Amino acid sequence: MGPIRDSSPLHVATITHDGRIWDTYLEFEDSTDHPPTHRARLRFDPTDADGAQTVSTAAIIIEDSHEEAVAKARRMDDRQLQDLLRSCLPDPE
C-alpha cells in the first residue's frame, strides 16, 4: 500500500450504521505504476466523538483516471458503503 497523497480527501457520502452517522471520504494513494493508475481507499469518519474511531478500507478503487475513480466511489449506494464500513470495524465483543 502506497502513501496517501497530500491532497485533501474527497467527501463522497454520509451514511448511517448501527445508530451512528459516518462521513465517507475517498483518499488517493501515490502511484508509481507505468502507466499510472489511480488507486484509492474509502475512509469512514464518525460524526460524533462517542468512542468510534476513523477506519479505512485497503485501496479498493483502481482506475485509469482520477475522474473514473471518483465516479466509481460516487456510484456506490448506502448499502455497499455500510457493508464496507462494517468490514473495517472491529468485531463487537
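Residues numbered from 1 in each chain as written. Predicted model: local features only at pLDDT ≥ 70, side-chain atom pairs only at ≥ 80, totals over all residues. Heavy atoms only, no water.

Visitor: Requested: an account of the environment of A13, with residues and values cited.
Guide: With respect to the secondary-structure elements, A13 resides in strand β1 (residues 10-17). Note on A13: relative accessible area 14%, which makes it buried. Apart from the residues lying within four places of it in its own chain, the contact partners of A13 are W22, D23, T24 and L81. (Helix = DSSP H or I, 4+ residues; strand = E, 2+ residues; numbered from the N terminus. Buried < 20%, exposed > 50% of the residue type's maximum accessible area, 1.4 Å probe, protein only. Contact = heavy atoms within 4.5 Å.)

Visitor: Run through the pattern of salt bridges, naming residues and quoting values.
Guide: Using the criterion set out here, one finds 9 salt bridges in the structure. Residues E29 and R41 are paired through a salt bridge, measuring 3.0 Å at the closest nitrogen-oxygen approach. With E29 in the loop between β2 (20-28) and β3 (38-46) and R41 in strand β3, this pair connects stretches of sequence that are 12 residues apart. Side by side, E29 and R41 carry an identical accessibility label, which is buried. Within this structure, D77, R79, D83 and R86 form a network of salt bridges that share partners. (Salt bridge = Lys/Arg side-chain N within 4 Å of Asp/Glu carboxyl O.)

Visitor: Any details on the confidence of the model for the protein chain? Residues and values, ideally.
Guide: Averaged over all residues, the pLDDT of the protein chain is 88; the fraction at 70 or higher stands at 89%. Low pLDDT, under 50, characterises residues 1-6; the predicted model gives this stretch 17 contacts beyond four residues in sequence or across chains. (pLDDT = per-residue confidence, 0-100.)

Visitor: Give me the lowdown on helix α1 (residues 66-75), citing residues and values where you can.
Guide: Residues lying three or four places apart along an α-helix face the same way, a consequence of the helix completing one turn every 3.6 residues. Within α1, burial applies to A69, V70 and A73. Buried residues of α1 fall within an arc of 95 degrees about the axis and therefore sit on the same side. The exposed set on the far side of α1, more than 90 degrees from its buried face, consists of E67 and R75. Taken together, the buried residues of α1 touch β1, β2, β3 and β5 (61-63). (Arc of directions from axis to C-beta.)

Visitor: How would you explain unusual backbone geometry if you had to name every residue and give the values?
Guide: Even without glycine at this site, D18 takes up a positive phi of about 55 degrees. Residue position: D18 is located in the loop between β1 and β2.

Visitor: Go over the environment of D50, please, and point to the residues and values.
Guide: Among the secondary structure elements, D50 is positioned in the loop between β3 and β4 (55-56). When its relative accessible area of 59% is taken as the criterion, D50 is described as exposed. Placed 30 residues apart in sequence, D50 and R20 show a C-alpha to C-alpha distance of 9.4 Å.

Visitor: Break down the packing of aromatic side chains for me, citing the residues and quoting the values.
Guide: Considering all chains together, one arrives at 0 aromatic pairs under this definition. Sitting above the plane of the Y25 ring, R43 keeps its charged end 4.7 Å from the centroid. (Phe/Tyr/Trp six-rings, centres within 6.5 Å; stacked < 30°, edge-to-face > 60°. Lys NZ or Arg CZ within 6 Å of the ring centre and 35° of its normal.)

Visitor: Give me the nonpolar core: which residues, what numbers.
Guide: Counting 17 residues, the largest nonpolar core has I15, L26, L42, F44, I61 and L81 as the members making the most contacts within it. Counting residues per element, the ones that place at least two in this core are β1, β2, β3, α1 and α2 (78-88). In this structure, F44 is in contact with I15, W22, D23, T24, Q53, T54, V55, T57, L81, L84 and L85, ignoring residues within four places of it in sequence. (Core = buried A, V, L, I, M, F, W, Y, C linked by side-chain atoms within 4.5 Å.)

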